[in-house]
Amino acid sequence: MRELTYVARRVVEWRDVPDPALESDRDVIVAPVAATSCDVDSAILAGHGPIAPPFAIGHECVARVTQVGDAVTTVSPGELVVVPWAISCGDCDRCRDGLPTHCASVPHMAMFGAPIGGVWGGLFSDLVRVPWADAMLVPLPAGLDPIAMASASDNWSLAWRLVAPHLKARPGARVLVIARGSIGLYVCDIARALGASDVLYVDPDPAHRAIAETFGARTAEAIEPIRHGFDLAIESTGRVDQLAVALRSLIPEGFARARETTSAPASCRCWRCT
């Protein structure tokens, strides 16, 4: 089979490698049918990744199941599935507590698309072995376009976690989104779809701002902290100064989330932030 391999800054190539095989009766083999790049892939290709090449890239995809282990019960050959980016067993205490990205059964940060926490392959490959398939794979509901859902394994689901539970707790909340890249746009779209009364999307990229406006958001290139401005603030830039702007724009007892947060919310109610 072929796998798309990152070999040098801004250089990738298709390489022939052996087909993956089932290594456990809980494994499946999948064939990606719709894979997409993430903001992390862009950073890797720009030469900013922490791991030296070469390695297979790609960690967002919808795939078709081709082989299943004897103990797999939730998916069958031929089904379309979302393949999560992080490797998780579903059985350990962390997974049962809803923290699959901190799974205790694999090394820290085990993932597709980069050899961190082991080598698991990339989701731009022709075929991929997925361990613990019953815990990891999410069947794609009928009628959904695999291309439209390719980011469900990472950026789309991350954006949902950043905003949806908090809008459920605070219906009609005012939402600030400070963004660089796709995650902030997903947050903006989800926030408006779930009934946020006001969304301000902040991004220096005019093309991104134009997309956010189609979702019904107000937009700005940059802002200073807006005292008591928002019930909920989402920071998806990865920059400490922008997180500070988000925190200082909250109402008293407001809530903030940051894109690196994978297990617990980043919130602050100190006098500086409120």
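Once a new chain begins, its residue numbering starts again from 1 and follows that chain's sequence as written. Selection of residues for local features in this predicted model requires a pLDDT of at least 70, selection of side-chain atom pairs for listing and counting requires 80 or more, and totals for whole chains, interfaces and linings are taken over all residues. Neither water nor hydrogens contribute to the side-chain values; these are computed over all heavy atoms in the structure.

> Outline the overall build of the protein chain, listing residues and values.
Within the protein chain one finds 7 helices and 13 strands. A radius of gyration in this sense is built from C-alpha atoms; the matching globule rule multiplies 2.2 Å by the number of residues raised to 0.38. The C-alpha atoms of the protein chain give 20 Å as radius of gyration, which agrees with the globular expectation for 274 residues (19 Å, within 12%). For the protein chain, the spread of C-alpha atoms along the three principal axes comes to 55 × 40 × 35 Å. Methods summary: accessible areas were calculated by the Shrake-Rupley approach with a probe of 1.4 Å, and residue burial reflects only the protein chains presented. Working note: accessible area of the protein chain is about 12700 Å², and carbon and sulfur atoms make up 55% of it. The centroid of the 24 positive side-chain charges in the protein chain is displaced by 9 Å from the centroid of its 31 negative side-chain charges. In DSSP terms, a helix is any run of H or I states spanning at least four residues, a strand is any run of E spanning at least two, and both are numbered starting from the N terminus. Within this scheme the basic residues Lys and Arg register as positive and the acidic residues Asp and Glu register as negative, but His and the chain ends are omitted. Charge positions are represented by NZ for Lys, CZ for Arg, CG for Asp and CD for Glu.

> Explain the confidence of the model for the protein chain to me, using residue names and the numbers behind them.
Reading predicted coordinates in detail is not appropriate for stretches of low pLDDT. What pLDDT expresses is the predictor's confidence in each residue, scored from 0 to 100. Per-residue pLDDT for the protein chain averages 90, and the proportion of residues at 70 or more is 94%. Considering each helix and strand of the protein chain separately, the mean pLDDT is smallest for helix α1 (residues 39-45), with a value of 85, and largest for strand β7 (residues 128-130), with 98. Between residues 261-274, whose pLDDT stays under 50, and residues either more than four places distant or in other chains, the model counts 31 contacts. Throughout, a contact is declared for two residues whenever any of their heavy atoms are within 4.5 Å.

> Give me the lowdown on the sheet that holds strand β5 (residues 61-68), citing residues and values where you can.
Read across the open sheet, the 5 strands follow the order β7-β3-β5-β6-β8; overall the sheet is antiparallel. On the outer flanks of this sheet lie β7 and β8 (138-139), each paired with one strand and no other. For two strands to pair, DSSP has to find at least two bridges joining them. With 7 bridges joining them, strand β3 (residues 28-35) and β5 adopt antiparallel strand pairing. Opposite valine 28, over in β5, you have valine 68 as the bridge partner.

> A description of the packing of aromatic side chains should follow, citing residues and the corresponding values.
Aromatic contacts are taken between Phe, Tyr and Trp rings whose centres are within 6.5 Å, Trp giving its six-membered ring; a plane angle under 30 degrees counts as stacked, one over 60 as edge-to-face, and the others as tilted. Here the structure, examined in full by the defined rule, presents 2 aromatic pairs. Ring geometry for tyrosine 6 versus phenylalanine 55: centroids 5.4 Å apart, planes at 65°, classification edge-to-face. Remark: phenylalanine 55 occurs in strand β4 (residues 55-56) and tyrosine 6 occurs in strand β1 (residues 2-8); sequence separation between them is 49 residues. As far as burial versus exposure is concerned, tyrosine 6 and phenylalanine 55 are alike and both buried. Centroid distance tryptophan 156 to tryptophan 160: 5.9 Å. Interplanar angle 20°. Geometry classified as stacked. Of this pair, tryptophan 156 and tryptophan 160 are both found in helix α4 (residues 155-169), 4 residues apart, which corresponds to roughly one turn of the helix. Between buried and exposed lies partly exposed: a residue is buried under 20% and exposed over 50% of the maximum accessible area for its type, with that area taken using a 1.4 Å probe on protein chains only.

> Break down the side chain of arginine 257 for me, with residues and values.
Considering the arrangement of structural elements, one finds arginine 257 in strand β13 (residues 250-258). We define a salt bridge as a contact between a side-chain nitrogen of Lys or Arg and a carboxyl oxygen of Asp or Glu at a distance within 4 Å. Buried within the structure, arginine 257 lacks any salt-bridge partner; its nearest side chain of opposite charge belongs to glutamate 235, at an N-O separation of 9.9 Å. Each polar contact in these results corresponds to two N or O atoms within 3.5 Å; when the atoms are within protein, one needs to be able to donate a hydrogen and the other to accept it, and residues that are neighboring in sequence are counted only if both atoms are side-chain atoms. In terms of polar contacts, arginine 257 uses its side chain to reach the side chain of histidine 166, at 3.3 Å.

> Give a description of the pattern of salt bridges that names residues and reports values.
Side-chain pairs of opposite charge can arise where the charged atoms are in close proximity. For the structure on display, the rule yields 9 salt bridges. Here aspartate 198 makes a salt bridge to arginine 218, at a shortest N to O gap of 2.7 Å. In this pair, aspartate 198 sits in strand β10 (residues 198-202) while arginine 218 sits in strand β11 (residues 218-220), placing the two residues 20 residues apart along the sequence. A single network of salt bridges, built from pairs that share partners, joins Glu23, Asp27 and Arg129.

> Quick one: what's the story with the environment of arginine 174, residue by residue and with numbers?
Residue position: arginine 174 is located in strand β9 (residues 174-179). What makes arginine 174 partly exposed here is its relative accessible area of 31%. For arginine 174 and proline 141, which are 33 residues apart along the polypeptide, the C-alpha to C-alpha distance reads 31 Å. Excluding anything up to four places from it in sequence, arginine 174 contacts Ser197, Asp198, His228, Gly229, Phe230, Asp231, Leu232 and Ile251.

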